[in-house]
Amino acid sequence: MPNPPAPHPGVPVLVLNGPNLDLLGLREPEVYGKDTLAGVEALCRSTAAAHGLRADCRQSNHEGVLIDAIHEARTAHRGIVINPAGYSHTSVAVRDALAAVALPVVEVHLSNIHWREPFRHHSHVSAVADTVICGAGSHGYALALTHLAQLLEANR
């Protein structure tokens, strides 16, 4: 009988993407870029691996599914990179879930939310994030994971 596959090496971290990010590459490419979600996730996995992390990438258009993933991260992951997308500006529940799990959090946005419509200037998540990265396009995820690795190392 063959042995089961070995678990993926690396410290597990959650990379969580919110609503409409499944449409990356199609939706307003002049704002969000031409990279697809699959491309962003591949970038996250390779960047994480380079830092001894293992990126568990998820996306949902549903607030409750995102909150469930955050709750699960409390015991299954060591940190969170989150692009809450539109929920940044509206969801106290996502903010409260992140505060409750007491993990390092890096908030990332593809666009610079401060250059956009006034309603996008405030993020509820920023108040509980260790770091906020916005306006760097998909490269922001690589920056976020690199920084998360530093936070985890500092907290070791």
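Since we're looking at a predicted model, the values are computed, not measured.

Asks: How would you explain the overall build of the chain if you had to name every residue and give the values?
Replies: Looking only at helices and strands, the chain has five helices and five strands in total. The buried share of the chain, taken over its 156 residues, is 46%. Considering only contacts in the chain between residues 6 or more positions apart, those separated by 24 or more positions represent 76%. Carbon and sulfur atoms provide 56% of the accessible area of the chain, an area that totals close to 7,900 Å².

Asks: Quick rundown of the pattern of salt bridges? Include the residues and the values.
Replies: This structure, assessed with the given rule, holds three salt bridges. The residue D56 makes a salt bridge to R58 at a minimum N-O spacing of 2.9 Å. Of the charged contacts, one joins R95 and D96 as a salt bridge, the two residues approaching to 3.1 Å between their closest N and O atoms. Relative accessible area serves as the criterion here: at 26%, R95 is assigned to the partly exposed category. For D96, a relative accessible area of 39% puts it in the partly exposed group. In the salt-bridge network here, residues are joined through shared partners; they are D56, R58 and E72.

Asks: Break down the environment of N83 for me, with residues and values.
Replies: Considering the arrangement of structural elements, one finds N83 in strand β3 (residues 80–83). Residues N83 and G18, 65 residues apart in the sequence, show an inter-C-alpha distance of 6.0 Å. For N83, the residues in contact, after removing those within four places along its chain, are L16, N17, G18, L21, V108, H109, L110 and Y141. A polar contact of 2.9 Å, which involves the side chain of N83, links it to the backbone nitrogen of A85.

Cut-off values and rules
- Residues numbered from 1 in each chain as written.
- Predicted model: local features only at pLDDT ≥ 70, side-chain atom pairs only at ≥ 80, totals over all residues.
- Heavy atoms only, no water.
- Helix = DSSP H or I, 4+ residues; strand = E, 2+ residues; numbered from the N terminus.
- Buried < 20%, exposed > 50% of the residue type's maximum accessible area, 1.4 Å probe, protein only.
- Contact = heavy atoms within 4.5 Å.
- Areas by Shrake-Rupley, 256 points an atom, 1.4 Å probe, with all protein chains shown as cover.
- Salt bridge = Lys/Arg side-chain N within 4 Å of Asp/Glu carboxyl O.
- Polar contact = N/O pair within 3.5 Å; in protein donor to acceptor, adjacent residues only side chain to side chain.

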